[in-house]
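Structural characterization, general
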Amino acid sequence: MTFMYMTMSWQKLLNNYLTVTVKMYLCTTKKLSTYYNDLLSVPEVPRANRKATGRCVQPANIKKIHDIIRCALNQAIRWEYIDTNKRNPASLATLPKVPKVKRKVWSVDTFREAIQQSDDDLLTICMHLAFSCSMRIGEITGLTWEDVVIDEQSIATNNARVIINKELSRVNAQAMQKLKKKDIIKIFPTQKPHCTTRLVLKTPKTETSNRTVWLPKTVAELLVQYQKDQKELQEFLGDAYNNYNLVIALENGNPVESRIVRDRFQKLCEQNGYEKVVFHSLRHLSTGYKLKMTNGDVKSVQGDTGHAESEMVTDVYSEIIDEDRRYNAQKMDEQFYSTLNHDSEMQPQNEEVQPENNGLSDSDMELLQLLKSLTPEMKAMLLKQSASK
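An account of the accompanying structure is given in this report. (Residues numbered from 1 in each chain as written. Predicted model: local features only at pLDDT ≥ 70, side-chain atom pairs only at ≥ 80, totals over all residues. Heavy atoms only, no water.)

**Some words on the overall build of the protein**
- Scanning the protein from terminus to terminus reveals 17 helices and six strands.
- Here the protein, with 389 residues, has 36% of them falling under the buried criterion.
- Counting contacts in the protein only where the partners sit at least 6 residues apart, residues at least 24 apart contribute 64% of the total.
- As displayed, the protein has an accessible area near 24900 Å², and 51% of this comes from carbon and sulfur atoms. (Helix = DSSP H or I, 4+ residues; strand = E, 2+ residues; numbered from the N terminus. Buried < 20%, exposed > 50% of the residue type's maximum accessible area, 1.4 Å probe, protein only. Contact = heavy atoms within 4.5 Å. Areas by Shrake-Rupley, 256 points an atom, 1.4 Å probe, with all protein chains shown as cover.)

Right under this line is the structure:
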């Protein structure tokens, strides 16, 4: 059974763990649940040119295997290989628990410093697009100039934008032929004659990934300069430049695979002593920053990220809410606990309580009195501004 352009890692999972015997007999929910549990004791197949880790198959990979089986059985039901009146046996199968690992993400200050330290123009533009537009790495490397609106009028009217409607991906050549190149926009020439995969521009996996994201003026102007430099290089190289109209391209115009961007990003981390994070974490940072900037406007942020489900955005939101809990404690102390006067019972009801001087000057005392007369809203605003410094 063929799957629609699964990634190479998914293709390897299919080949390594779904044997012919398994494919024939995993037709009930109980058998599938047993199979998933048994996989926990199966040695993990090492990647190509890598040493064996000694680990067994991890729950996260078992979840991916389950997704492949579930999709395959859904298709089998559609094609009537399985009784159409029956439920997909994978739908209720029990999976091993996948431990949640919190992704490491830079602070905004670290990101700001990193883009200033970067002397790699290609990497810098990729980082700006990941952060400002919440783009995935495949969407960045698959972006073409006709989908980047950065003319003078658009920039002046804050209407500069990118139209995200394709992604760069490496797919299995055999699967591509069987599917008659469905959803493939362009196939790039291969560098190796016997290569079993092809680098392609293809439509995104989900409909929500097709979107328009507006550019900050600064990023739009960086793209204008980047395009100008790229055209100068193209004119200098002439026929030696392979013009695919890609925004992110190598010196000869060829497409940039995601691993190249990831490797350059890791090099930037190592050279400057930054905490090592994956490139995708910049998209995570972007999501969190935009949620805070918009006071939790999940829908507008989801429009930028292209997530199919809003839960993907709210999961990030639940993480960043914790960052504001210190401010909440300060606010509670200011608005409630500071009003408690344990000595109030000792004071006569009609006697005005004079504030203690504590060695303050008259001007300081006047300022203190002014602060006390502010409304709770104004106090909260001042407190928030001081906490953010």
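**Some points on a negative patch on the surface**
- Residues Asp119, Asp121, Asp229, Glu232 and Glu235 make up a contiguous surface patch of negative charge.
- When residues of the negative patch are assigned to their parent elements, the largest contribution, three residues, is made by helix α10 (residues 217–237).
- Residue placement: Asp121 occurs in helix α6 (residues 121–132).
- Residue classification places Asp121 among the exposed residues on the basis of a relative accessible area of 53%. (Patch = residues over 30% accessible without salt bridge, like charges linked within 9 Å, V, L, I, M, F, W, Y side chains within 5 Å. Salt bridge = Lys/Arg side-chain N within 4 Å of Asp/Glu carboxyl O. Lys, Arg positive; Asp, Glu negative; His and termini not counted. Charge placed at Lys NZ, Arg CZ, Asp CG, Glu CD.)

**So, the packing of helix α12 (residues 281–293) against helix α13 (residues 298–305)**
- Contact pair α12 / α13: the axes reach a minimum separation of 9 Å and the direction vectors enclose 155°. Compared by their axis directions, α12 and α13 come out roughly antiparallel. Crossing angle aside, the handedness with which α12 passes α13 is right-handed. Here α12 contributes Arg283, Thr287, Lys290 and Leu291 to the contact with α13, which in turn contributes Val298, Val301, Asp304 and Thr305.
- Here the residues of the contact of α12 with α13 are counted per class, giving three nonpolar, two polar and three charged. (Axes fitted to C-alpha atoms, helices over the stretch in contact; angles between N-to-C directions. Parallel < 35°, antiparallel > 145°, perpendicular 65-115°, else oblique. Left-handed = near helix turned anticlockwise from the far one by under 90°. Nonpolar A, V, L, I, M, F, W, Y, C, P; charged D, E, K, R; others polar.)

**Quick word on the sheet that holds strand β4 (residues 184–187)**
- Overall, antiparallel pairing links the three strands, which are arranged β3-β5-β4 in an open sheet. Lying at the two open borders of the sheet, with one neighbouring strand each, are β3 (167–172) and β4. Neighbour-to-neighbour, the strand axes of this sheet turn through a mean angle of 40°, independent of strand direction.
- When β3 meets strand β5 (residues 197–202), the two strands line up antiparallel, connected through six bridges. Paired with Leu168 across the strands is Leu201, a residue of β5. (Pairing = 2+ DSSP bridges.)

**Describing α10**
- For α10, which comprises 21 residues, the first-to-last C-alpha distance of 31 Å matches the rise-based estimate of 30 Å (1.5 Å per residue) to within 8%.
- Within α10, burial applies to Val219, Ala220, Leu223, Tyr226 and Gln230. One side of α10 carries all its buried residues, which in axial view fall inside an arc of 115°. Opposite the buried face of α10, by more than 90 degrees, sit the exposed residues Thr218, Glu235 and Phe236.
- Buried positions along α10 lie against α6, β1 (148–149) and α8 (152–156).
- Directly beyond the C-terminal end of α10, a positive phi value near 60° is found at Gly238. (Expected span 1.5 Å × (residues − 1). Arc of directions from axis to C-beta.)

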